[in-house]
Amino acid sequence: MAALLGLLACLLCFVPPGNVSAPGERALASREVMPGAERFPELDLSESPALRVFREGGISALDLLRIGQAESVQSGTEGSIGEADSVGVQASEESARENTEADASNEGRGGESADFDPAELAYLEARAALARGETRLALQLLRAMDEEHPLRLAAASTLERLQRRPDPSAGSEVRANASMPGPSERRLMRAQQLYRSRRYEDARRQARALAARAKAGALYEQARMLEAESLGRLGRKHEELATLSRLLKRVGDPRIRARALYRMGLAHSILGRPGEARDHLDALITTAPEAPEAPEALRLAARASIEAFDLEGAILRYEQALEDYPSAPAAGDIALEYSQFLESIGEIQAAREVLRRADRLRLDRRAEDQRGRFLYFEARLIALHGDPAEASELFSALIARWPLSYYGTLAASRLRELDPSALKRVRDQLYWPRLRAPREREGPSPDARAYEALGALLRLRLFDEAERFMGEMGLLGAESTRARRVYAASLFRAVDEKIRSLRILRRSYDDLEYIRFDEEGRARLRLVYPREYDGLIESAAEQSGIAPALLRAIAREESSFAPRARSRVGARGLVQIMPATGRSLAQRAGIIYYTPAMLDEPETNLRLGASYLGFLKARFDGCWPLAPSAYNAGQGNVDRWLRRDELGELDLFVEAIPFSETRRYTRRVIQSYAAYAFLDEGRFIEPPLRLRPAEEQAPHEPSEAELLAAERVNEGEPDVR
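The rules behind each value
Residues numbered from 1 in each chain as written. Predicted model: local features only at pLDDT ≥ 70, side-chain atom pairs only at ≥ 80, totals over all residues. Heavy atoms only, no water. Helix = DSSP H or I, 4+ residues; strand = E, 2+ residues; numbered from the N terminus. Buried < 20%, exposed > 50% of the residue type's maximum accessible area, 1.4 Å probe, protein only. Contact = heavy atoms within 4.5 Å. Areas by Shrake-Rupley, 256 points an atom, 1.4 Å probe, with all protein chains shown as cover. Phe/Tyr/Trp six-rings, centres within 6.5 Å; stacked < 30°, edge-to-face > 60°. Salt bridge = Lys/Arg side-chain N within 4 Å of Asp/Glu carboxyl O. Core = buried A, V, L, I, M, F, W, Y, C linked by side-chain atoms within 4.5 Å. Axes fitted to C-alpha atoms, helices over the stretch in contact; angles between N-to-C directions. Parallel < 35°, antiparallel > 145°, perpendicular 65-115°, else oblique. Polar contact = N/O pair within 3.5 Å; in protein donor to acceptor, adjacent residues only side chain to side chain. Expected span 1.5 Å × (residues − 1). pLDDT = per-residue confidence, 0-100. Left-handed = near helix turned anticlockwise from the far one by under 90°. Nonpolar A, V, L, I, M, F, W, Y, C, P; charged D, E, K, R; others polar.

Chemist: Looking at this model, I keep getting lost on the overall build of the protein. Mind explaining?
Modeler: If you tally the helices and strands in the protein, you get 38 helices and 0 strands. Evaluated residue by residue, the protein yields a buried proportion of 52% over its 721 residues. Here the contacts in the protein between residues at least 6 apart in sequence split such that 65% fall between residues at least 24 apart. Carbon and sulfur atoms make up 52% of the accessible area of the protein, which totals about 33200 Å².

Chemist: Is there a simple way to explain the packing of aromatic side chains in this structure?
Modeler: Here a ring pair, both rings aromatic, is described through the centre-centre distance and the interplanar angle of the planes. The full count for this structure, using the stated rule, is 19 aromatic pairs. Centroid distance Y318 to Y338: 5.1 Å. Interplanar angle 20 degrees. Geometry classified as stacked. Here Y318, found in helix α18 (residues 311–324), pairs with Y338, found in helix α19 (residues 331–344); they are 20 residues apart in sequence, far enough to count as distant. According to the relative accessible area criterion, Y338 is buried, its value standing at 2%. The interplanar angle of 85 degrees and the centroid separation of 4.6 Å between the aromatic rings of W624 and Y673 together place this pair among those described as edge-to-face. Pair noted here: W624 is in the loop between α33 (602–619) and α34 (626–633) and Y673 is in helix α37 (residues 660–681), with a separation of 49 residues, a long-range link. Residue W624 shares its accessibility class with Y673, and that shared class is buried.

Chemist: Looking at this model, I keep getting lost on the pattern of salt bridges. Mind explaining?
Modeler: For side chains bearing opposite charge, pairing can occur when the charged atoms are close. One pass over the full model with this rule turns up 65 salt bridges. A salt bridge links D600 to R566; the nearest nitrogen and oxygen atoms lie 2.9 Å apart. Pair noted here: D600 is in the loop between α32 (579–589) and α33 and R566 is in the loop between α31 (548–559) and α32, with a separation of 34 residues, a long-range link. The exposure class of R566 is partly exposed, given its relative accessible area of 46%. A network of salt bridges, in which partner residues are shared, links R199, E201, D202, R204, R205, R236 and E239.

Chemist: Help me understand the nonpolar core in this model?
Modeler: Across soluble globular proteins, nonpolar side chains have a tendency to be buried as a group. Membership of the largest hydrophobic core comes to 195 residues, with the highest contact counts inside it found for Y123, L454, L551, Y631, F653 and Y673. If you tally residues by element for this core, the top one is α37, at 10 residues. Beyond its immediate sequence surroundings of up to four residues, Y123 is in contact with L142, M145, L151, A154, A155, L457, L460, L462 and E465.

Chemist: Would you mind showing me how to read helix α7 (residues 135–143) here?
Modeler: Since there are 3.6 residues in each turn of an α-helix, residues three or four apart along the chain are aligned in direction. Of all the 9 residues making up α7, 7 are buried; the element is thus mostly covered by neighbouring parts of the structure. Buried within α7 are the following residues: T135, L137, A138, L139, Q140, L141 and L142.

Chemist: It is not clear to me how the packing of helix α23 (residues 406–418) against helix α24 (residues 420–429) should be interpreted in this structure. Could you clarify?
Modeler: What describes two packed helices is the angle between their axes and the distance between those same axes. The interhelical angle for the contact between α23 and α24, taken along N-to-C directions, is 135 degrees, at an axis separation of 5 Å. Taken together, α23 and α24 sit at an angle that is classed as oblique. Here A412, L415, R416 and L418 of α23 come into contact with α24, specifically with P420, A422, L423 and R427.

Chemist: Hey, could you run me through the environment of R190 in this one?
Modeler: Within the secondary structure layout, R190 lies in helix α11 (residues 183–196). R190 sits in the partly exposed class, given a relative accessible area of 46%.

Chemist: Which parts of the structure should I look at to understand the environment of S480?
Modeler: Looking at where S480 falls in the secondary structure, it is placed in the loop between α26 (463–473) and α27 (482–494). Take S480: its relative accessible area is 2%, and that puts it in the buried class. C-alpha separation for the pair S480 and M470, spaced 10 residues apart in sequence, amounts to 9.4 Å. In this structure the side chain of S480 is engaged in a polar contact, spanning 2.8 Å, whose partner is the backbone oxygen of G477.

Chemist: Which parts of the structure should I look at to understand the environment of L142?
Modeler: Tracing the sequence through the fold places L142 in helix α7. A relative accessible area of 1% places L142 in the buried class. Between the alpha carbons of L142 and A122 there is a distance of 7.5 Å; along the sequence they are 20 residues apart. Beyond its immediate sequence surroundings of up to four residues, L142 is in contact with Y123, A126, R152, A155, T158, L159 and L162.

Chemist: Got a minute to help me understand helix α17 (residues 294–307) in this structure?
Modeler: Given a rise of 1.5 Å per residue, 14 residues ought to cover 20 Å, and the 20 Å separating the end C-alpha atoms of α17 matches this to within 8%. When we look at burial in α17, the residues that qualify are A294, P295, E296, A297, L298, R299, L300, A301, A302, R303, A304 and S305. Buried residues along α17 sit against α15 (254–270), α16 (274–287), α18 and α19.

Chemist: Which parts of the structure should I look at to understand unusual backbone geometry?
Modeler: Trans peptide bonds make up the majority, and among non-glycine residues the majority have a negative phi. Of note, the phi angle at K215 is positive, near 70 degrees, even though the residue is not glycine. Here K215 lies in the loop between α12 (200–214) and α13 (217–233). In this model, D621 sits at a positive phi of 55 degrees, which is unusual for a non-glycine residue. With respect to the helices and strands, D621 occurs in the loop between α33 and α34.

Chemist: Before we go on, may I ask you to explain the confidence of the model for the protein in this structure?
Modeler: If pLDDT is low for a region, its predicted coordinates should not be looked at in detail. For the protein, the average pLDDT comes to 82, and 78% of its residues sit at 70 or higher. Here residues 1–23 is a poorly scored stretch, pLDDT under 50, and it has 19 contacts once near neighbours within four places are set aside; other chains count. Segment residues 693–702 is flagged for pLDDT under 50; beyond a separation of four residues in sequence, or across chains, it makes 15 contacts in the model.

Chemist: I keep staring at the packing of α31 against α37 and nothing clicks. Help me out?
Modeler: The contact between α31 and α37 brings their axes to 8 Å, and the two run at 130 degrees. One finds that α31 runs oblique with respect to α37. Considering how the two elements wind past one another, α31 and α37 form a crossing that is right-handed. Between α31 and α37, the residues in contact are A549, L550, R552, A553, I554, R556, E557 and E558 and Y665, R668, V669, S672, Y673, Y676, A677, D680 and E681, respectively. For the contact of α31 with α37, the per-class residue count stands at 9 nonpolar, 1 polar and 7 charged.

Here it is in structure tokens:
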């Protein structure tokens, strides 16, 4: 018996710690160990000598063709220039005469011709020819490259496209005249540009005049639709409805008809007419189910049914939206809204099933700020209406999977209230060295020649083309893996293309899931959350009484750390300040000689942005999660949303923000703040869950800066929320 107990004790020594059943541990222990990491080559990223020669000039395209032919002859292969390529033929005929001159020229350059790859120089010249519109020359240069040269592989798609292109000299004038818009089309384009620039009254006048002149046809329908949308943005709903009614009597384009029906349903909803709204929205869903407006029309129709006390009709429309349009951009929002509606009528289990279905459909993977969304709201639902122990398990699983995501930070705040010891255990386990991310699917690995071509493109500083080629070779795009995307971003980071590197990771890489908190995991996370303008951010944050991690998060979300970034409405710089807002903030900061150009200076831009963030944080009694919302939409809007808020809870408040841009922005900033607080200071943030009750909101007269901040987001009407 003693021997048996001893054997059992020995076996237990090999059991890894933490396998006992504790909140969140099952989710952690179920992770699979990563397969052997794919090995990537170290590429030479130094600037190519051919690029220096290209910048200096002195070698013509004919020289490049001659060099390419000479190399082909020396290697015993035939030249790849076709008989129809007159430039190549001419180069061959004149090569004897040019040899002496070219050699002399090369000697005069100090023998530099021996230091660069002629094919790289030819490739650069081909790209320049394409930019000048000289397609034939570009085609000849690319064809002349050796088939075995790595850059020929990178040029394959360009060659295929150019070879399919018709002769530019045949009928070019006819095609140009056929594609040139007439006076009426140009006026419509100007009106559309005014609308995009938010000059809605000017857009309305021009569209109305154009529709009156056109009287019928496609131009009339487009102009009338633009007039109606401009009226809607101006808040003139009755006029919008009248304009849409006239349009629907004469419209022929099914796309414009669907858009008009949707706008009529939206206008009736805003005016408090649920019956009329539902009639128009149902007509859209019945006649044009493939229209892009159909999913939102179903959501609006479900809301109209609720207002009309038709609860069964609301359920049917929500179900149809999830069943027929699971790939719609708003599918996740519709699922969450549906679940909250079911919860409000006491159907708790049905509400939970909707959240589980949305999780199975991965509707929370549409954007980086939505990871873990449905698991969080399921746990919240169970905490309020079910078993607290089960809720603790779900919150722990969410933190284990997405510890730094927006919903992961909210889950930490909830779990601290529910079970602080469980929060400590799940965070301690995040540092276990044996934990790895789930197994990634394996795809075909690029061959060595593809990596050589990529290295050549990066040495030539052809970054746009290098990024496209990364997609073709599988480092980026749908067929890539996490490790490949990190590798691609790290290459751009190494050549100081920091903004491109960050954009790649933000667009196609989620390193917030199953983070490895070892040195390698932190290094990968730092690629996604770089630490730029460190000293300036620290100084500006300290002066304004805010956390440096919060200011750094604002800069990441506003501009991706591009100091001269411009928004479509004119916001400028690292933290995207409107020129007029900057003037107001500069007066408050004591800057006398302010000019808008100062917003391009990182120090001034960060100083003014930090000052405004500090003011907003103090205005909301230190409830810092409200500062990003007010920074994006204006303090006056946030004050109004707080007054209408009934429960005073942060998570529900953010989900109910009526401007989609501000809603997403708030989540992203809180998430970035969590990542920077962890990377820079080693701490986890736990946002406050409670907001001040609506009746405690003091009256406030917004300042000029606050009013101007609101111009950066939706004017006129909010989105369908």
